[in-house]
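# Examining the three-dimensional arrangement
If you want the building blocks of each chain, they are given just below.
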Amino acid sequence: MTLRLSDFDAITFDVYGTLIDWEPSITAFLRGWAEENDIDADDEALVMAFDRARAEIQKERPAHLYPEVLSRCFDRICAEYAVAANPDRRRQFAASPHTWPAYADSHDGLMRLQRSARIGAFSNIDQASLNTSCQRLDFRFDLVVTAQRVGAYKPDWPHFDIGIGDLGRLGIPRERILHVGQSLRADITPANKLGLRCAWVNRPGRLLGLSGEGAAEARPDLTVSSLAELVAALTTA
């Protein structure tokens, strides 16, 4: 399918993994923790332990704020590797979203797209962490739907239901929305099920969100490797 920017009045983004490059920071933290505890595990094993833990914890209701999700992930990873959970390291991990950097192409790409469409964030995060990330992106979203706002985590549908409703009240119908994400599990699969056209930003060397429940069923309408490539594809089609 050829997607053109003129086909859309709104573009909604997953933030972490798509616009914010969180995975290297998580990997570095877990590698340091593993070395401190003499754990023999490579980076991929540690990242996937985190991915499994967060997917399980994000299903819990009532939903936890994201710093609590990270705290519980840390405890669960410690239990998986049979080591005691250090409280200081737990607090450090819970606060880590405030340290995660933006991808180099995020700001320019978002600004370019915002000239032609409303730009939304559908994010599995708390508002305080997102505020810091918006500063790193140097960007203001037209619409924000967080896990804190909806009390749930993607791939559950409340982000999408609320966001589609908000855009509908602005006169933007579902068929004029493009959803963009790096996570097959949390973004592309639910977008497919809800009839949203979607683009997968398959960032090289990144693993989070590419496996688990529903990921194998994901069928993006467009696949790119960066936000810059997405902008080029949408504007030259």
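Please refer to the structure placed before this passage.
For the structure given in this document, a descriptive report is provided here. Quick caveat, the model's predicted, so the values are computed rather than measured.

All chains considered together, the criterion is met by 13 aromatic pairs. Ring geometry for Phe50 versus Phe93: centroids 5.9 Å apart, planes at 80°, classification edge-to-face. You can see Phe50 sitting in helix 2 (residues 43-57) and its partner Phe93 sitting in helix 4 (residues 87-94), a full 43 residues away along the chain. Note on Phe50: relative accessible area 0%, which makes it buried. On the basis of an interplanar angle of 45° and a centroid distance of 6.3 Å, the ring pair of Tyr66 and Tyr153 is categorised as tilted.

To continue, consider the pattern of salt bridges. Taken as a whole and judged by the stated rule, the model has 21 salt bridges. The closest approach of N and O atoms between Asp9 and Arg176, which form a salt bridge, is 2.9 Å. Remark: Arg176 occurs in the loop between helix 8 (158-169) and strand 4 (177-181) and Asp9 occurs in the segment before strand 1 (10-13); sequence separation between them is 167 residues. Overall, the relative accessible area of 29% leaves Asp9 in the partly exposed class. When its relative accessible area of 26% is taken as the criterion, Arg176 is described as partly exposed. Taken together, the salt bridges that share partners define one network made up of Glu56, Glu60, Glu68, Arg72 and Arg76.

Before going further, it helps to spend a moment on the pairing of strand 1. Both faces of the sheet carry side chains from a regular strand, because those side chains alternate between them. Residues Ala10 and Thr12 line one face of strand 1 and the alternating positions Ile11 and Phe13 line the opposite face, and both faces are buried. In the sheet, strand 1 pairs with strand 2 (residues 118-123) via 4 bridges, with the strands oriented parallel. The residue bridging Phe13 from the neighbouring strand is Ala121, located in strand 2. Looking at chain direction, strand 1 and strand 4 are connected through 4 bridges and run parallel. Bridge pairing in strand 4 links Ile11 to Leu178.

Let us now look at the nonpolar core. One finds Ile11, Phe13, Trp33, Phe50, Tyr66, Phe141 and Leu230 to be the most contacted residues of the largest nonpolar core, which totals 56 residues. Considering every element that reaches this core, the biggest residue donor is helix 3 (residues 66-80), with 7 residues. Sequence-distant contacts of Trp33, defined by excluding residues within four places in its chain, comprise Ile39, Leu46, Phe74, Ile77, Cys78, Tyr81, Val83 and Arg89. Ala10, Leu143, Leu194 and Ala215 belong to the second-largest nonpolar core, a separate cluster that totals 20 residues.

Conventions adopted
Residues numbered from 1 in each chain as written. Predicted model: local features only at pLDDT ≥ 70, side-chain atom pairs only at ≥ 80, totals over all residues. Heavy atoms only, no water. Phe/Tyr/Trp six-rings, centres within 6.5 Å; stacked < 30°, edge-to-face > 60°. Helix = DSSP H or I, 4+ residues; strand = E, 2+ residues; numbered from the N terminus. Buried < 20%, exposed > 50% of the residue type's maximum accessible area, 1.4 Å probe, protein only. Salt bridge = Lys/Arg side-chain N within 4 Å of Asp/Glu carboxyl O. Pairing = 2+ DSSP bridges. Core = buried A, V, L, I, M, F, W, Y, C linked by side-chain atoms within 4.5 Å. Contact = heavy atoms within 4.5 Å.

None of the figures reported here should be taken as evidence of function without further support.
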